[in-house]
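# Reading the structure
These are the residues of each chain, in order.
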Amino acid sequence: EPEVTQTPSHQVTQMGQEVILRCVPISNHLYFYWYRQILGQKVEFLVSFYNNEISEKSEIFDDQFSVERPDGSNFTLKIRSTKLEDSAMYFCASSEDSYDTDTQYFGPGTRLTVL
Amino acid sequence: QKEVEQNSGPLSVPEGAIASLNCTYSDRGSQSFFWYRQYSGKSPELIMFIYSNGDKEDGRFTAQLNKASQYVSLLIRDSQPSDSATYLCAVKMKGGFQKLVFGTGTRLLVSP
């Protein structure tokens, strides 16, 4: 069964460093998403991406964040200068379309720890 | 203002019982509703979705939606210890917005 994959599974970085989180969405899916979940808190939407551009973003997704689809398979989230409060699980998701009933499938996540 | 609310639990049920998980949402424009299961340290795993008022069954799971009351629930029949997890309610609003708005989740404990 096709699945979303993410690398690395765990990333440790120093405050102020740049990190890139990588995702490979399900191959026939057109919409891609990033969510994050701070330990003990709810899953929060960051950004959605379609046709090589951002279609929606949350207030969390400020200038420190960017997304890119560098090739036909990868989808990346870059955090330019990490802060302690960026420590969280970051989940990539993808969906075939954006219909109301279209379901988003989540990858296993990358645990980001900022020291 | 909270948009999707769930009782954090834990909800404890014995093996074989019916577990009932509830979710309320504040935006009347919400169009579709999803239930995800999340084991500790893992990612959300889709159980089912519902968008029409009434019941929708899938195996041991039944989702119920009442848009007038802004209420959605998930029933798990014949609960198993492997069902012990956090159940996340997620809502998608109408109008081409793709984001899912999640509740904090309800932790379910099924005892053998």
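Residues numbered from 1 in each chain as written. Chains lettered and ligands numbered in written order. Predicted model: local features only at pLDDT ≥ 70, side-chain atom pairs only at ≥ 80, totals over all residues. Heavy atoms only, no water.

Take the overall build of chain B next. When its secondary structure is counted, chain B shows zero helices and eleven strands. Taken over the C-alpha trace, chain B has a radius of gyration of 13 Å; the compact-globule value for 112 residues is 13 Å, and the two agree within 12%. The principal-axis extents of the C-alpha atoms in chain B amount to approximately 45 × 30 × 20 Å. Out of the 112 residues in chain B, the part that is buried amounts to 44%. Partitioning the contacts of chain B with sequence separation of at least 6, the portion at a separation of at least 24 is 54%. For chain B, the computed accessible surface area is about 5300 Å², with 48% contributed by carbon and sulfur atoms. Each charge class in chain B can be summarised by its mean position, and for the 12 positive and 10 negative side chains these summaries are 7 Å apart. (Helix = DSSP H or I, 4+ residues; strand = E, 2+ residues; numbered from the N terminus. Rg over C-alpha atoms; globule rule 2.2 N^0.38 Å. Buried < 20%, exposed > 50% of the residue type's maximum accessible area, 1.4 Å probe, protein only. Contact = heavy atoms within 4.5 Å. Areas by Shrake-Rupley, 256 points an atom, 1.4 Å probe, with all protein chains shown as cover. Lys, Arg positive; Asp, Glu negative; His and termini not counted. Charge placed at Lys NZ, Arg CZ, Asp CG, Glu CD.)

On to the state of the cysteines. A full pass over the atoms with the stated rule returns two disulfides over all chains. The disulfide partner of A:Cys23 is A:Cys92, and the gap between their sulfur atoms is 1.9 Å. Residues A:Cys23 and A:Cys92 are joined by a disulfide whose S-S torsion is about -60°; by sign, that bridge is left-handed. Of this pair, A:Cys23 sits in strand E3 (residues 19–24) while A:Cys92 is found in strand E9 (residues 88–95), placing the two residues 69 residues apart along the sequence. Two residues, B:Cys23 and B:Cys89, share a disulfide whose sulfurs are 2.1 Å apart. Because the torsion about its S-S bond is -70°, the bridge between B:Cys23 and B:Cys89 counts as left-handed. One end of the pair, B:Cys23, is in strand E3 (residues 19–25); the other, B:Cys89, is in strand E9 (residues 85–93), and 66 residues separate them in sequence. Among the residues examined, B:Cys23 registers a relative accessible area of 1% and is labelled buried. (Disulfide = S-S within 2.5 Å.)

This next bit is on empty space enclosed by the protein. Residues and elements named next belong to chain B. For the coordinates displayed, the defined rule picks out one cavity of 30 Å³ or more. There is about 40 Å³ of room inside the largest cavity. Contributing to the lining of the largest cavity are Glu 3, Val 4, Asp 27, Ser 30, Val 91, Met 93 and Val 101. The residue inventory of the lining of the largest cavity, partitioned by class, reads four nonpolar, one polar and two charged. (1 Å grid on protein atoms, 1.4 Å probe; cavity = no way out; pocket = protein on both sides within 12 Å on 5 of 7 lines; lining within 4 Å. Points joined across faces, edges and corners; volume = space filled by probe spheres on them. Nonpolar A, V, L, I, M, F, W, Y, C, P; charged D, E, K, R; others polar.)

Bringing the sheet that holds strand E8 (residues 75–79) of chain A into the picture now. Residue and element names in this part refer to chain A. Taken together, the four strands give an open sheet; going across it, the order is E1-E3-E8-E7, and neighbouring strands pair in antiparallel fashion. One side of each edge strand has no neighbouring strand; the edge strands of this open sheet are strand E1 (5–7) and strand E7 (65–68). The average angle at which neighbouring strand axes cross in this sheet is 20°, direction not considered. Two elements, E3 and E8, share five bridges in a ladder whose sense is antiparallel. (Pairing = 2+ DSSP bridges. Axes fitted to C-alpha atoms, helices over the stretch in contact; angles between N-to-C directions.)

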